[in-house]
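Chain residues, written in single-letter form:
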Amino acid sequence: MKILIKNGVVVNYDGTKKANVLIENDKIIAVGDENFSADLEIDTSNKLVMPGLIDMHVHFRDPGLEYKDDIISGSKAAVAGGVTTCLPMANTNPVNDNASITRAMIQKAKECGLIDLLPIGAITKSLNGNEIVEMGDMCEAGAVAFSDDGLPVSSSAVMRAALEYSAQHGSFCISHSEDCSLCRQGVMHEGAVSAILGLKGMAREKEEISVSRDMLLAKLTGGHVHIAHVSSAYSLKIIQMAKNDGIKITCEATPHHFTFSDDEILANAYDTNFKMSPPLREISDVKAIREALKSGLIDVIATDHAPHHTDEKCVEFDKAPFGIIGLQTLVPLTLRLVDENVISLEQMVALTSKNPAKILKLDNKGEIRAGFLADIAIIDPNLEYIYDKKLNKSKSINSPLIGKKLKGMAVKTIKSGRVVWDFEKD
């Protein structure tokens with residue numbers, strides 16, 4: 001079957017142009033001015049045609065915690081957000097620390113048929129921080145990286161070994177950068193706002209110490225470390241220094257960390273939907289993250305989509321779990337950066353598609369080009385709407401943006417040549 005995407009603005013990391021895109025089966029076969037013949041035509045006038053987004057950091061809670069989300073509901077939320085490839089973290093129940101669980105996750109996603117699911121395996125068995133998993137077996141099963149996300153690997157010796165072994169298998173480690181000895185049971189950023197609210201705070205330094213250590217271990221081993229959800233301005237200085245020295249380090253930022261500061265907790269009366277780890281930090285940190293996105297220091301935008309049941313979030317702030325959902329707010333919050341001239345559309349594609357594909361060695365993703373996989377997000381940048389519970393496809397609603405007006409949406413998502421999301425129909 002041939003599909004023609006016509007009259008749209010095709011955005012790649014290296015340029016933007018008005019063009020038609022011809023798809024045959026699961027591949028893009030032509031991009032140009034010609035009015036190609038096709039079995040199905042999709043008019044994308046006044047819309048952006050972008051590569052399907054690749055989210056390197058999600059939590060689908062499957063297996064074991066499916067009441068929050070599962071691979072099916074997570075996949076539906078992903079394609080409704082223009083995301084065609086997701087990397088779920090390993091902190092499931094049981095933990096994804098062996099090849100059989102990795103295979104089962106991939107198989108469930110294939111049966112669902114909406115996205116490519118590339119599991120991240122645990123670094124240590126049961127996330128205990130002590131014994132490294134069988135990385136070779138898990139890579140063969142389909143794991144693409146390793147992380148104990150949600151918990152840091154406290155032992156430098158264990159993290160060193162993980163970087164060495166992952167490198168031997170052509171993979172890498174993702175660091176949840178946190179020095180737990182500095183957490184002090186904190187529930188938000190340590191600063192003026194935490195003092196006003198009387199909540200225990202977490203200092204930036206707990207992240208910065210861990211980023212420093214893992215940067216040095218990457219220097220020692222030659223392995224690749226990817227720093228998850230950077231939230232501190234000084235962490236970015238450390239990463240810049242490491243990159244300048246040729247150390248194999250990449251990093252990601254989340255939409256909530258470049259959009260919100262800890263002032264939101266003060267302004268919104270202890271709303272637990274503003275509670276996440278790492279916490280929302282000060283405006284100076286938000287500005288630093290935005291500047292690092294603009295300069296290209298930050299490689300990837302990832303959501304850290306972290307669903308929790310309403311009953312778990314509707315408690316006192318210090319008792320609520322960390323995390324918010326984010327797959328369907330990725331596009332509008334990132335487009336806001338474009339509207340504010342922080343990044344260009346081309347940089348948006350680099351941060352959400354091209355760079356993740358490069359890091360993950362996905363040679364057929366991340367671009368709208370002939371020969372590439374037909375993973376495409378058709379985005380209406382001017383569509384204004386209320387992000388409500390009906391539109392939300394996750395099982396959970398723990399987002400401070402539920403009920404808010406947003407601008408910009410993936411109105412159609414194509415995965416491997418199939419339309420898997422259509423706002424007008426779904």
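Higher on the page you've got the structure.
Sequence order as written defines residue numbering, which begins from 1 separately in each chain. A pLDDT threshold of at least 70 governs which residues receive local features in this predicted model, and a stricter bar of 80 or more applies before side-chain atom pairs are shown or counted, although totals over entire chains, interfaces and linings include all residues. Side-chain calculation: all heavy atoms of the structure are included, whereas hydrogens and water are not.

Chemist: Which residues make up the pattern of salt bridges, and what values do they have?
Modeler: Basic side-chain nitrogens of Lys or Arg form a salt bridge, by our definition, when they fall within 4 Å of a carboxyl oxygen of Asp or Glu. Evaluated as defined, the whole model comprises 22 salt bridges. Of the charged contacts in the structure, one is a salt bridge between R290 and E340, with a shortest N-O distance of 2.5 Å. Taken as a pair, R290 in helix α10 (residues 283-295) and E340 in the loop between α12 (330-339) and α13 (345-359) lie far apart in primary sequence, 50 residues in all. D422 is paired through a salt bridge with K412; the nearest N and O atoms lie 3.7 Å apart. Of the two residues, D422 is situated in strand β19 (residues 418-422) and K412 in strand β18 (residues 404-415); the sequence distance between them amounts to 10 residues. Neither residue differs from the other here; D422 and K412 are each classed as buried. When salt bridges that share partners are traced, they join D14, K354, E367 and R369 into one network. The helix count covers DSSP runs of H or I at least four residues long, the strand count covers runs of E at least two residues long, and both are numbered beginning at the N terminus. Relative accessibility decides the category of a residue: with a 1.4 Å probe and only protein chains considered, values under 20% of the type maximum give buried, values over 50% give exposed, and everything between is partly exposed.

Chemist: Quick rundown of the packing of aromatic side chains? Include the residues and the values.
Modeler: Classification of ring pairs uses Phe, Tyr and Trp, with its six-membered ring standing for Trp, and accepts pairs whose centres are within 6.5 Å; under 30 degrees between planes counts as stacked, over 60 as edge-to-face, and the remaining range as tilted. Scanning the entire structure with this criterion turns up 2 aromatic pairs. For the pair F260 and F274, a centre-to-centre distance of 5.3 Å together with 85 degrees between the ring planes defines the contact as edge-to-face. Of the two residues, F260 sits in the loop between α8 (255-259) and α9 (263-267) while F274 sits in the loop between α9 and α10, which places them 14 residues apart along the sequence. Like F260, the residue F274 is buried in the burial classification. Aromatic side chains W421 and F423 sit 6.5 Å apart centroid to centroid with 45 degrees between the ring planes, which places their arrangement in the tilted category. On the basis of relative accessible area, W421 is assigned to the buried category, the value being 3%. Residue classification places F423 among the partly exposed residues on the basis of a relative accessible area of 32%.

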